[in-house]
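Understanding the architecture of this molecule
Spelled out, the chains give:
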Amino acid sequence: SAARGVADRVARYDPRMELGGALAPELMAELGAAMAAGQVVVHYQPQVDVCSGRVVGAEALVRWQHPVHGLLGPNAFIPAAERTGQIRPLTRLVLDHALAECARWQADRPLSVSVNLSVRNLLDPAIVDDVRDALERHRLDPSLVELEITETSAMVDQARSATALRALAALGVTLSIDDYGTGYGSLAYLQELPVQRLKIDRSFVSDLRRSHASAAIVRSVVDLSQRLGLSVVAEGVEDDETLVLLRDMRCDLAQGFGLGRPVPADRLCDVVRRIDAHVPAVLGLGVPAQ
Ligand code: C2E
Ligand code: MG
Ligand code: MG
Ligand code: MG
């Protein structure tokens, strides 16, 4: 399908895009103009409620539609954008697109939107103004917006990022820890930071059916989340069987290629409809009456 094609191109490994690769400095010089020219776009991947099988939100994932190199995934330019001081305008662009889309979705159904923040965003107090401005500009209820940070980024400068996270939480947005289980963070920060959600890294989830160790880790993180009163998302759900296992473990939300790949905003509606039509049946719920 077309959706598969887009995702495969994003995932394709191109050595020229590596950090420090010959093309990276040139590319970074182009990024500002690319943003102004509308080449930096946002795709959306649905997040599904594991109990009902219904789509309840979408994660915003940035891409660069480059005229020569094709569709570039974030790993090709986010790290360099951080180093070259371009992460603030990039994050503002993603916030602007994502919150505008989310405001549009509300006419149809109350889907939430998740935006990824970089470590540099957390170290720059201006992020709080940028998020507040975007919420006001799009007149969006902050409870519909989730901000994702990795545990590693929260650990870089714990005092500074804790201050930023408290100020963001005070705006009323949801904060979640992305790629949970892959960092070296202690568990203490879960108590100290105003985090409401954990996203289990896809390396554990995509392995769930085959690996006892991965299954034990996923089960433990779901259990930990519940005991701490946090919600929990499994990323990297690639097949129906994994979704059913996650439901049996009482995981709250699921995201992955098996449910829906990241797509441009104008295709999200189709993906949501397809999930609504098929996933409840996978969970043994039948298709709900519309
Ligand atoms: P992430 O936030 O953990 O996002 C999930 C990544 O896993 C996405 O890759 C998504 O396409 C991919 N994915 C989702 N489901 C599956 C699955 O079932 N199997 C596999 N193999 N992969 C799956 P993507 O879009 O290439 O993004 C990579 C990372 O780049 C993100 O990881 C996030 O850390 C970062 N990123 C993306 N957008 C932004 C952004 O706007 N700002 C910042 N600062 N970082 C971003
Ligand atoms: Mg994320
Ligand atoms: Mg992740
Ligand atoms: Mg990741």
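The structure we're discussing is the one just above.
Residues numbered from 1 in each chain as written. Chains lettered and ligands numbered in written order. Predicted model: local features only at pLDDT ≥ 70, side-chain atom pairs only at ≥ 80, totals over all residues. Heavy atoms only, no water.

**Some thoughts on helix 11 (residues 212-228)**
Residues separated by three or four positions in an α-helix point in the same direction, a consequence of the helix having 3.6 residues per turn. Heads up, the rule is: Think of it this way: any DSSP run of H or I at least four residues long counts as a helix, any run of E at least two long counts as a strand, and we number them from the N terminus. For a helix, the expected span equals 1.5 Å multiplied by the number of residues minus one. In this scheme, a residue with accessible area under 20% of its type's maximum is buried, one over 50% is exposed, and one in between is partly exposed, where area comes from a 1.4 Å probe on protein chains only. The reported arc concerns the directions from the helix axis to the C-beta atoms and nothing else. Should any heavy atoms of two residues lie within 4.5 Å, those residues are counted as being in contact. Pairs of N or O atoms within 3.5 Å make up the polar contacts considered here, provided that, within protein, one atom can donate a hydrogen while the other can accept it, and that residues adjacent in sequence are counted only when both atoms are side-chain atoms.
With 17 residues, helix 11 ought to run about 24 Å at 1.5 Å a step, and its terminal C-alpha atoms sit 24 Å apart, in line with that. Looking only at helix 11, the buried set comprises S214, A215, V218, V221, V222 and S225. Considered in projection along helix 11, the buried side chains sweep an arc of 130 degrees and stay on one side of the axis. Opposite the buried face of helix 11, at more than 90 degrees from it, the exposed residues are H212, R219 and R227. Buried residues in helix 11 make contact with strand 6 (174-180), strand 7 (197-200), helix 10 (202-205), strand 8 (231-235) and helix 12 (240-248). The N-terminus of helix 11 is capped by S211, whose side-chain oxygen sits 3.3 Å from the backbone nitrogen of A213. With its phi angle positive at about 75 degrees, G229 sits one or two positions after the end of helix 11.

**Let's talk about the site of ligand 1**
Here is the rule: Proximity criterion: a residue is near a molecule or strand once any of its heavy atoms comes within 4 Å of it. Here, Shrake-Rupley sampling with a 1.4 Å probe gives the accessible areas, and only protein chains in the shown set may cover a residue. All amino acids are sorted into three groups, where Ala, Val, Leu, Ile, Met, Phe, Trp, Tyr, Cys and Pro are nonpolar, Asp, Glu, Lys and Arg are charged, and the leftover types, Gly among them, are polar.
Every one of the 23 residues lining ligand 1 counts as a neighbour, but S118, D178, R202, E238 and F257 are closest to it. Taking E59, its side chain carries an N or O atom lying 3.0 Å from an oxygen atom of ligand 1. Burial of ligand 1 by the surrounding chains reaches 85%, relative to a free accessible area of 800 Å². For the shell around ligand 1, the secondary structure elements donating two or more residues are strand 2 (55-66) and strand 6. For the shell around ligand 1, a count of residues per class yields 9 nonpolar, 6 polar and 8 charged.

**Here we look at the coordination of the magnesium ion (ligand 3)**
Reference geometry at the metal: tetrahedral coordination by four donors gives ideal angles of 109.5 degrees; octahedral coordination by six donors gives 90 or 180 degrees. Our working definition: Coordinating donors are taken to be N, O and S atoms lying within 2.8 Å of the metal, or within 3.2 Å when the metal is Na, K or Ca; because water is excluded from the atom set, some sites may appear incomplete.
Distances from the magnesium ion (ligand 3) to its protein donors, D178 (OD), D179 (OD), E235 (OE) and E235 (OE), fall at 2.0 to 2.4 Å. The magnesium ion (ligand 2) is placed at 4.1 Å from the magnesium ion (ligand 3), the two being bridged by D178. Judged by relative accessible area, D178 falls into the buried class, the value being 7%.

**Regarding the side chain of D201**
Rules: When charges are counted, Lys and Arg are positive and Asp and Glu negative, with His and the chain ends excluded. Within this document, salt bridges are pairs made up of a side-chain nitrogen of Lys or Arg and a carboxyl oxygen of Asp or Glu, the two lying within 4 Å of each other.
For D201, the location among the structural elements is in the loop between strand 7 and helix 10. At 6.3 Å, R202 is the nearest oppositely charged side chain to D201, a buried residue that forms no salt bridge. Ignoring sequence-local partners within four residues, the contact set of D201 consists of D179, Y180, T182 and E235.

**Quick look at the state of the cysteines**
Just so we agree on the cut-off: Throughout, disulfides are identified as pairs of cysteine sulfur atoms within 2.5 Å of each other.
Scanning the model with the defined rule gives 0 disulfides in all. Between C102, a cysteine without a disulfide, and C269, which holds the nearest cysteine sulfur, the sulfur-to-sulfur distance is 14 Å. Judged by relative accessible area, which is 0%, C102 ranks as buried.

**Things to note about the packing of aromatic side chains**
For any pair of aromatic rings, geometry is given as the distance between the ring centres together with the angle between the planes. What counts, and what does not: What counts as a ring pair is set by centres within 6.5 Å for rings of Phe, Tyr and Trp (its six-membered ring), and what kind of pair is set by the plane angle: stacked under 30 degrees, edge-to-face over 60, tilted for all other angles.
By the definition in use, this model includes 2 aromatic pairs. Pairing Y44 with W105 gives two aromatic rings, centres 5.4 Å apart and planes at 85 degrees, and the pair type is edge-to-face. Residue Y44 is located in strand 1 (residues 40-49), and its partner W105 is located in helix 4 (residues 87-105); the two are separated by 61 residues in the primary sequence. Both residues of the pair, Y44 and W105, count as buried. Consider the rings of W64 and F77, whose centres lie 5.7 Å apart with planes at 90 degrees: the pair is edge-to-face. With W64 in strand 2 and F77 in the loop between strand 3 (70-72) and helix 3 (78-83), this residue pair connects regions lying 13 residues apart in the sequence. Both residues of the pair, W64 and F77, count as buried.

**Re unusual backbone geometry**
Despite not being glycine, R139 has its phi angle at roughly 45 degrees, a positive value. Relative to the helices and strands, R139 resides in the loop between helix 6 (126-137) and strand 5 (145-150). The class for R139 is exposed, based on a relative accessible area of 76%. Backbone geometry at R250 places phi at a positive 65 degrees, although glycine is not the residue there. As for its placement among the helices and strands, R250 is situated in the loop between helix 12 and strand 9 (253-255).

By themselves, these are just geometric observations and shouldn't be taken as functional.
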